[in-house]
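# Structural characterization, general
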Amino acid sequence: APLSVQAGPGENAYIATIIIFAVSTAVAGANITATVVTMRAKGMSWNRVPIFVIGATISVALAIPAFPTFMLSQIMTAMDRSFGTVFFDAHHGGSGWLYAHLFWIMGHPEVYVILLPGVAILMEIAPVFVRMPFFSYTSAVVGFAGIAGLSVLVWAHHMYIAGWSPALNGPFMVTTEMISVPTGLLFLVLLGTLWRGRPWMKVPMLGTFAMLWNFIIGGITGIYLSDVPADNYLHGSMFVTAHFHFTLMGAALTGAVAGLSYWYPKMTGRMLNERLGMLSFWLVQVGFQVLFVSMFIS
């Protein structure tokens, strides 16, 4: 908004899609949460639940309050388009800030909704392929919970230079920088698992190393963007695009592909071709570095 109010009829289909998506996310989130809370196997206490289940549950618990705000923004846009309301029309008392907030209150937690399961998959994979016990299960849970808790307090870092309430830039900068602490905890858990292990360098394990590499680049560059003076120069540039992809695709997509190669044989009874998997992995990772490191440079 306000561009969405001016768009053609295709915008109506987009609005309907977002509303259906938000409802389906809430239903799936309630389903997963209820299943994990009430239907665990006998004797499976919370401290014995697999870390992937913990990551997925915290992910959907974050999605349940986050996605309805975006759905609400689309309902209001539909009303502006079809019924003449002026929620987002500043000429008639509406507010473009309202749309920005409704979007980003969803838009930042949504990054972690995607990210947490990918990282949790790699935490399942690492102990298997280094033949070592998982390092500090409790720290991993605390890290996931800390990320989820802080992620709902940082949305306005996307709006530093938009002019909305400059006095709040400082508090949002602090909460954004604080989120690096539980994120760093997840790094330490993975590094602790790898420490003194003997890695079995199969495709799923390569995904763990790739995630550590990609996500540490994404995380460190995110600290620059969380800093208001630096963001004044970097906002809207290719630096932001590169940071975003190193964080989200470098970790979440890498975790998803690693999880597919890890669980596919268990699900189907058929092994994937290791040589083709290696070729795919290196093509993706080398291409990824060339594409997004060049964006940092530009």
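What comes next is a walk through the structure. (Residues numbered from 1 in each chain as written. Predicted model: local features only at pLDDT ≥ 70, side-chain atom pairs only at ≥ 80, totals over all residues. Heavy atoms only, no water.)

### Considering the overall build of the chain
- Check the secondary structure of the chain and you find eleven helices and zero strands.
- The helix and strand sequence of the chain, counted from the amino end, reads α-α-α-α-α-α-α-α-α-α-α.
- Whereas a compact globule of 298 residues would reach a radius of gyration of roughly 19 Å, the chain reaches 21 Å, a difference of no more than 12%.
- Taken over the C-alpha atoms alone, the chain extends approximately 65 × 45 × 35 Å along its principal axes.
- For the chain, the residues scored as buried account for 42% of the 298 residues in total.
- Within the chain, residue pairs in contact and separated by at least 24 positions form 79% of the contacts whose partners lie at least 6 positions apart.
- About 15,400 Å² of surface is accessible on the chain, with carbon and sulfur atoms providing 73% of the total. (Helix = DSSP H or I, 4+ residues; strand = E, 2+ residues; numbered from the N terminus. Rg over C-alpha atoms; globule rule 2.2 N^0.38 Å. Buried < 20%, exposed > 50% of the residue type's maximum accessible area, 1.4 Å probe, protein only. Contact = heavy atoms within 4.5 Å. Areas by Shrake-Rupley, 256 points an atom, 1.4 Å probe, with all protein chains shown as cover.)

### Some words on the packing of aromatic side chains
- Evaluation of the coordinates by the stated rule reveals 17 aromatic pairs.
- Look at Phe70 and Phe103: their rings are 5.3 Å apart centre to centre, the planes differ by 85°, and that puts the pair in the edge-to-face class. One end of the pair, Phe70, is in helix α3 (residues 51-83); the other, Phe103, is in helix α4 (residues 96-130), with 33 residues separating them in the sequence.
- Judged by relative accessible area, which is 7%, Phe70 ranks as buried.
- Classification of Phe103 by relative accessible area gives partly exposed; the value is 26%.
- When the centroid spacing of 5.0 Å and the interplanar angle of 85° are considered together, the rings of Phe281 and Trp282 count as edge-to-face.
- A relative accessible area of 12% means that Phe281 is categorised as buried.
- Taken together, Phe52, Phe129, Trp200, Tyr262 and Trp263 form an aromatic cluster joined through their ring pairs. (Phe/Tyr/Trp six-rings, centres within 6.5 Å; stacked < 30°, edge-to-face > 60°.)

### Topic: α4
- Between its terminal C-alpha atoms α4 stretches 51 Å, which fits the 51 Å expected from 35 residues at 1.5 Å a residue.
- Most pronounced at Leu115, the bend in α4 amounts to some 25°, and the proline Pro117 follows within four residues.
- By the N-cap criterion, in which a side-chain oxygen at the helix start approaches the backbone nitrogen of a residue two or three places on, α4 is capped by Ser95, the distance to Trp97 being 3.1 Å.
- Backbone geometry just after α4 places Arg131 at a positive phi near 55°. (Expected span 1.5 Å × (residues − 1). Bend = angle between axes of the 7 residues up to and from the residue. Polar contact = N/O pair within 3.5 Å; in protein donor to acceptor, adjacent residues only side chain to side chain.)

### Points about the packing of helix α8 (residues 203-226) against helix α10 (residues 238-268)
- Contact pair α8 / α10: the axes reach a minimum separation of 8 Å and the direction vectors enclose 160°. The pairing of α8 with α10 is recorded here as roughly antiparallel in orientation. Both α8 and α10 take part in a crossing whose hand is left-handed.
- A breakdown of the residues in the contact of α8 with α10 according to their chemical character gives 13 nonpolar, eleven polar and no charged. (Axes fitted to C-alpha atoms, helices over the stretch in contact; angles between N-to-C directions. Parallel < 35°, antiparallel > 145°, perpendicular 65-115°, else oblique. Left-handed = near helix turned anticlockwise from the far one by under 90°. Nonpolar A, V, L, I, M, F, W, Y, C, P; charged D, E, K, R; others polar.)

### Remarks on the environment of Glu274
- When you line up the elements, Glu274 lands in helix α11 (residues 274-297).
- Considering only alpha carbons, one finds Glu274 and Val203, 71 residues apart in sequence, at a separation of 7.1 Å.
- A polar side-chain atom of Glu274 sits 3.0 Å from the main-chain amide nitrogen of Val203.

### Section: the nonpolar core
- Met123, Phe144 and Met211 are the most contacted members of the largest nonpolar core, which has 51 residues in total.
- Elements with a contribution of two residues or more to this core: α2 (10-38), α3, α4, α5 (137-151), α7 (180-194), α8 and α10.
- Ignoring sequence-local partners within four residues, the contact set of Phe144 consists of Ile51, Ile54, Gly55, Ile58, Leu116, Val119, Ala120, Met123 and Leu186. (Core = buried A, V, L, I, M, F, W, Y, C linked by side-chain atoms within 4.5 Å.)

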